[in-house]
Amino acid sequence: MSEGSKARYSLGGDDHIFVELDNEMSLTANFKAMAITTVLEQTQIPGLIDICPANASYQVRFDPLQVPPRDLLAELQRIEGEVGDATAFDLDTTIVEVPVLYNDPWTNETLLRFRSHHQDPDATDLEYAARINGFDSVDSFIEAHSGAPWFTSMVGFVAGLPFLFQMVPREKQLQVPKYLRPRTDTPKQTIGYGGCFTAIYSVRGAGGYQLFGITPGPIYDPTQQHPDFEDFMVFFKPGTIAKFEPIDRAMYDKYSAQVEAKEFRFKQRPVKFSLGEFQADPDAYNAALLEVLHGS
Amino acid sequence: MGVRVVKPGMATTIQDIGRPGYYRVGIPPSGSLDQYSSLAANLLVGNDDAAAVLECTYLGPQLHFEAPTVVAVTGANLPPLLNGEGRPTWESFAVAEGDVLSFDYLEGGARAYIAVSGGFDVPQVLGSRSTYTLGSMGGVEGRVLAEGDWIDTGDTEGATPGRVVPGSLRTEHPKHREIRVMMGLFDHRLTPSGRQTFLGTEWRLTPVADRTGFRYQGAELEFEERDPPFGAGSDPSNIVDAPYPIGSIQVPGGIEPIVLHRDAVSGGGYVMVATVIGADMDLVGQSAPNNTTRFIEVDLDTALEARHDRFKRIEELRMAVAS
């Protein structure tokens, strides 16, 4: 383990090791999870079944008949030491522009149906989120949400659902509690918010996150019919960087027609992410990332 | 060759040994919840381990066979009827063209497995035929079987009726189970009394028990007070959203522990306090609502020994069915 490590190692039964790198959320903890799991994937350790980086933790599922749990645990601690604070590690990933119709009719209809589950039944979720985060209007809140890019810190809950953490200092993080009681319904491709995370609902279903808007682009396609899904049915991977782009209804309808015709593609570019360079000057680094996205 | 689904049963799905390797993007392993019984059904009809079977929960389907084949039913005590006439469980039997397989009422356990010689043949998705309904993936159009579905079956070569799993190698279905767990994950968030309550309570399975998870009732667990870490949420049972091990036991709000199974939600923000050991996951899969369970704490070495014992039992099963 590295010096001053906050990591906590625990066996999950005889076939999982769960590692909490920090009990609080931070880009540093998340990036460490990315770095350790990337190094682990490159080792030739037999019997590794699932390697799952997550927000401030990661998990390995393995076959204990092929790799003794205590040996694997020692190896994970060794990799943690090798990775250190992960500032020297570069992640090859992509940056993607996600068009969002904020305050859209579909999530508004849904949130009105579940007002009795909400902290503030007289406001919309966006009005509530803007108020408790000290913004004077919904528009300025949307500006903050769609300003700085977001880092996919975990993919899961259900297939292809990304959790995104905004790439801004702690004091600029938006925080909104989840619904008091979960809803039984959420439209597919809803942009939701809970705690310090944006989630994009990959499929229609239950959920407890606040409802901010919707993207016309599919992010999960199990039958792989849309152009972005030729290689794999899940669009967001751990480490994918997203920039939310507010759009109006006309643009939403245009993109939806492209989706209908199976011609829609997210705008995306390959990019290398370095935590050390980001930490040195977040604003400048984010601006450079967006240049990569918008460059030709 | 194939079968027509006349009645689908309650939640019948196509399952196999699962779809490992995609949990990092939220796709769980899926596959038969009781892998031992599912394997036994395949061995009885001469199939490979990886052949797909039907998993039938509580209530069996009614199937119309359009070609002669060999069938076996294992797992829960769900008595098979061929054209209305009783057939044994844990024993392969012949089916003729036009025969109808149906089932009597469940007598014990929760999930029966139907294997047909050559396996149920649907397209593989990410290397498996298993149905994952939350992600609309695998099986028949990613869903539970419906009336009128047609399912292809493979070649019947090498299948013989009358193969039997001896009584000592059949799964029993008591109404009370002792499920072995390893404490860990976030169990330090429990008070000593909360921990004692978890291990000392006779938990009752609620009707909220499906391929995703099994929810129990019986007591409320006490957590240590704390200042919530950034991003965790205010309830003492909240954590920064983390991966959930298959078999992990989470306790939202300190009430109603949930054991996640093979269609698990892959992560979330609830404290987990223990994990069912690999060898006992089949037992969880056979638990029916109102059955009772006590969680028994074991250490790693005991869990590994149990895993070895299960493998020995599987080897005995292979020998017994082959001879």
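Counting from 1, residues in each chain are numbered in the order their sequence is written. Both sets of labels track the order of writing: A upward for chains, 1 upward for ligands. Predicted model: local features are reported for residues with pLDDT of at least 70 only, side-chain atom pairs are reported and counted for 80 or more only, and whole-chain, interface and lining totals are derived from all residues.

1. Thoughts on the overall build of chain B
- Under the scheme used here, helices are H or I runs from DSSP no shorter than 4 residues and strands are E runs no shorter than 2 residues, and both carry numbers assigned from the N terminus. Of regular secondary structure, chain B possesses four helices and 21 strands.
- For chain B, the C-alpha radius of gyration of 20 Å lies close to 20 Å, the compact-globule estimate for 323 residues.
- The principal-axis extents of the C-alpha atoms in chain B amount to approximately 65 × 40 × 30 Å.
- Residues counted as buried form 54% of the 323 residues belonging to chain B.
- Note that contacts rest on C-beta atoms placed from the backbone: two residues are in contact if these are within 7 Å. Once local pairs closer than 6 in sequence are excluded, the contacts in chain B between residues at least 24 apart make up 76%. Every radius of gyration here is taken over C-alpha atoms, with the globule rule written as 2.2 Å times N^0.38, N being the number of residues. Whether a residue is buried, exposed or partly exposed follows from its count of other C-beta atoms within 10 Å of its own C-beta, namely 20 or more, 12 or fewer, or something in between, respectively; the C-beta atoms are built from the backbone.

2. A look at the interface of chain B and chain A
- Of the residues lining the interface, 38 residues belong to chain B; the matching set on chain A comes to 44 residues.
- Counting only elements with at least two residues in the side of chain B that touches chain A, the list comes to β16 (238–243), β19 (267–270), β20 (272–276) and α4 (300–322) of chain B.
- Side-chain classes follow a simple rule in which Ala, Val, Leu, Ile, Met, Phe, Trp, Tyr, Cys and Pro form the nonpolar group, Asp, Glu, Lys and Arg form the charged group, and the remainder, Gly included, forms the polar group. Across the side of chain B that touches chain A, the residue classes tally to 20 nonpolar, 15 polar and three charged.

3. Topic: the domain arrangement of chain B
All names here are of chain B.
- Partitioning chain B into structural domains gives domain 1 (2–169) and domain 2 (176–310).
- The straight-line distance from the C-alpha centre of domain 1 to that of domain 2 is 29 Å.
- In this assembly, 18 residues from domain 1 lie in contact with twelve residues from domain 2.
- At the level of secondary structure, the elements contributing two or more residues to the side of domain 1 that touches domain 2 comprise α1 (35–44), β5 (69–77) and β10 (108–116).
- Per-element accounting of the side of domain 1 that touches domain 2 gives the leading share, three residues, to β10. An automatic or database domain assignment provides the domain bounds reported here.

4. Re the domain arrangement of chain A
Residue and element names in this part refer to chain A.
- For chain A, the domain assignment lists domain 1 (8–84) and domain 2 (92–294).
- For domain 1 and domain 2, the distance between their C-alpha centroids amounts to 28 Å.
- Contact residues are listed per partner, giving nine residues for domain 1 and ten residues for domain 2.
- With five residues, helix α1 (residues 27–42) is the largest single contributor of residues to the side of domain 1 that touches domain 2.
- Class assignment for the residues of the side of domain 1 that touches domain 2 results in six nonpolar, three polar and no charged.

5. Here's the deal with the sheet that holds strand β14 (residues 203–209) of chain B
Residue and element names in this part refer to chain B.
- DSSP calls a pair of strands paired once it identifies at least 2 bridges connecting them. In spatial order, the strands read β13-β20-β17-β18-β15-β14-β21; together these seven strands close into a barrel with mixed pairing. The average angle at which neighbouring strand axes cross in this sheet is 40°, direction not considered.
- As paired strands, β14 and strand β21 (residues 292–297) are joined by two bridges and run antiparallel to one another. Residue pairing across strands places Trp-203 opposite Thr-293, the latter belonging to β21. Under this scheme, a helix contributes an axis fitted over its contacting stretch, all axes are lines through C-alpha atoms, and angles between N-to-C directions fall in the 0 to 180 degree range.

6. A closer look at the environment of Glu-97 of chain B
Residue and element names in this part refer to chain B.
- As for its placement among the helices and strands, Glu-97 is situated in the loop between β8 (93–95) and β9 (100–103).
- The spacing of Glu-97 and Ala-67 is 30 residues in sequence and 4.2 Å in space, taken between C-alpha atoms.
- Residues contacting Glu-97, with those up to four places away along its chain left out, are Phe-65, Glu-66, Ala-67 and Pro-68.

7. Some words on the sheet that holds β10 of chain B
Residue and element names in this part refer to chain B.
- Ordered in space as β2-β3-β10-β5-β8, the five strands form an open sheet in which the pairing is antiparallel. Strands at the two margins of the open sheet, each flanked by one partner only, are β2 (13–15) and β8. Averaged over neighbouring strand pairs, the angle between their axes works out to 35° when direction is ignored.
- Strand direction decides the pairing type here: β5 and β10, joined by six bridges, are antiparallel. Bridging from a neighbouring strand, Val-71 pairs with Val-116 of β10.

8. Some remarks on the pairing of β5 of chain B
All names here are of chain B.
- In terms of residue burial, β5 counts as a mostly covered element, since eight of its nine residues are buried.
- Both β5 and β8 contribute to a ladder of three bridges, which runs antiparallel. Bridged to Val-70 within β8 is Ala-94.

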